[in-house]
Amino acid sequence: MSGQVFNILIVGQSGRLMYEAVLFAASLRHMSPNFQGRLIVAVPQPGHLWSQDPSIRNEPVLETLSRLDVEVIPFENHHFGQAYAYGNKIEALSVLPKDEPFVFFDTDTLITGDIGAVPFDFSRPSASLRREGTWPKPTLYGPGYSEIWRTLYDRFGLDFESSLDRSQPDEYWKRYLYFNAGYFYGPCPHVFGARFLEYAVSIRDDLPQALVCQSLDPWLDQIALPLVVHSMGGARDSLPDGYLDGSTSCHYRTFPLLYARESDHVVATLEEVCAPNWIKKVLKSYEPIKRLVYQGKGRRVRALFDRDNLPRREQAIRNKIKSEGLWMR
């Protein structure tokens, strides 16, 4: 349903994320000039869950965010923090206005098209399907995928059977609802956030027996997210293919990976967005952008790969870039 108004949330903090936040905001304003909602950068504040101040104190960054019509809103960490920074996306949802539809993006995302044309159905939440089978990792003697996921659905009183993709074989990871938490959306950030927090804290603090041999770090947000989506009537197919993680957004994750594997349009958008002097003045302070975008080393990375015949495993791409001395984040 295009033409609807919604808010966008990203999380920013000192270091890499504040530069990515500037780039995200600049790409949104450049590619979606008619976006009508609020763009909010939620910033964690210093406290006992942080050994150092995570907030943004860099004046040029703050001035640039302001010029890009970004609202910078602080929030407190009560459950996560430095020990599990991915939890910021859960606690930060509280800064958004209640009962207004929202989309959360990781800061390492580039907006590459008109976000207002994406046909979100906020009554049916969903999240990114650009993922691999990273969790769980069933052990030789069990439990398997079905038992692990069923245990979680049962804990929160959810119907496990209706979450399954029956076009996929039993005990294959794609049969089970699983997302990348690089973006997700829903009708009310407070309801979504409260449930996300409840599920994540419950799993962390009272580990189900079936999960004893499984790692929660860094996967906790991606373990709880499908449960939240399913509990709110969402699904894997709520959003048509081709928009997010497609023509409208790119979750690039690192700049070397962007140059190695993303489309010419994504690269062109990155370089176009970085070009204005007032943006360049801030972004060149971040070494990976300075070297890869402004000094042209990204083009060297790009020349190492054939986009039509990329290595199947991301680690092979990383290793090739590292061997050329061009890996940086």
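Just so it is clear, the model here is predicted, and its values are computed rather than measured.

Colleague: Explain the overall build of the protein to me, and be specific about the residues and the numbers.
Modeller: Of regular secondary structure, the protein possesses 13 helices and eight strands. Relative to its length of 329 residues, the protein is compact, with a C-alpha radius of gyration of 20 Å against a globular reference of 20 Å. Referenced to the eigenvectors of the C-alpha coordinate spread, the extents of the protein come out at roughly 55 × 45 × 45 Å. Here the protein holds 329 residues, and the buried ones make up 53% of them. Long-range pairs, those at least 24 residues apart, make up 79% of the contacts in the protein between residues at least 6 apart in sequence. Just so you have it, the protein exposes about 14,500 Å², and 47% of that area is on carbon and sulfur atoms. Computing the positive centroid from 37 side-chain charges and the negative centroid from 39, the protein places the two 7 Å apart.

Colleague: An account of the pairing of strand E2 (residues 39-44) is needed here, citing residue identities and associated values.
Modeller: Burial runs high along E2: six of the six residues are buried. Sheet topology places strand E1 (residues 7-11) next to E2; four bridges connect them, and they run parallel. Opposite Leu9, over in E2, you have Ile40 as the bridge partner. The pairing of E2 with strand E3 (residues 71-75) spans five bridges and is parallel. Opposite Pro44, over in E3, you have Phe75 as the bridge partner.

Colleague: Tell me about the side chain of Ser126, and name the residues and values.
Modeller: The topology assignment puts Ser126 in strand E6 (residues 126-128). Look at Ser126 and you get buried, because its relative accessible area is 2%. Of the polar contacts made by the side chain of Ser126, one reaches the backbone oxygen of Ala235; its length is 2.7 Å. Beyond its immediate sequence surroundings of up to four residues, Ser126 is in contact with Phe179, Phe184, Tyr185, Val229, Ala235, Arg236 and Ser238.

Cut-off values and rules
- Sequence order as written defines residue numbering, which begins from 1 separately in each chain.
- Only residues with pLDDT of at least 70 get local features here, since the model is predicted, and only at 80 or more are side-chain atom pairs given and counted; chain-wide, interface and lining totals rely on the full set of residues.
- Side-chain numbers here rest on the full set of heavy atoms in the structure, without hydrogens or water.
- Strands here are runs of E lasting at least two residues and helices are runs of H or I lasting at least four, both read from the DSSP assignment and numbered beginning at the N terminus.
- This radius of gyration counts C-alpha atoms alone. The globule rule is 2.2 Å times how many residues there are, raised to the power 0.38.
- Using a 1.4 Å probe on the protein chains alone, a residue whose accessible area is under 20% of its type maximum counts as buried, one over 50% counts as exposed, and one in between counts as partly exposed.
- Two residues form a contact once any of their heavy atoms are found within 4.5 Å.
- Calculation of accessible area relied on Shrake-Rupley with a 1.4 Å probe; when residues are assessed, cover is drawn exclusively from the protein chains displayed.
- Only four residue types enter the tally: Lys and Arg on the positive side, Asp and Glu on the negative side, with His and both chain ends excluded.
- By convention, charge coordinates are those of NZ in Lys, CZ in Arg, CG in Asp, or CD in Glu.
- Only when DSSP finds a minimum of two bridges between them are two strands counted as paired.
- Any N or O atom pair separated by 3.5 Å or less is treated as a polar contact, with the protein-specific requirement of one donor-capable and one acceptor-capable atom, and with residues adjacent in sequence counted only for side-chain atom pairs.

Functional significance is not addressed by these values, which are geometric in nature.
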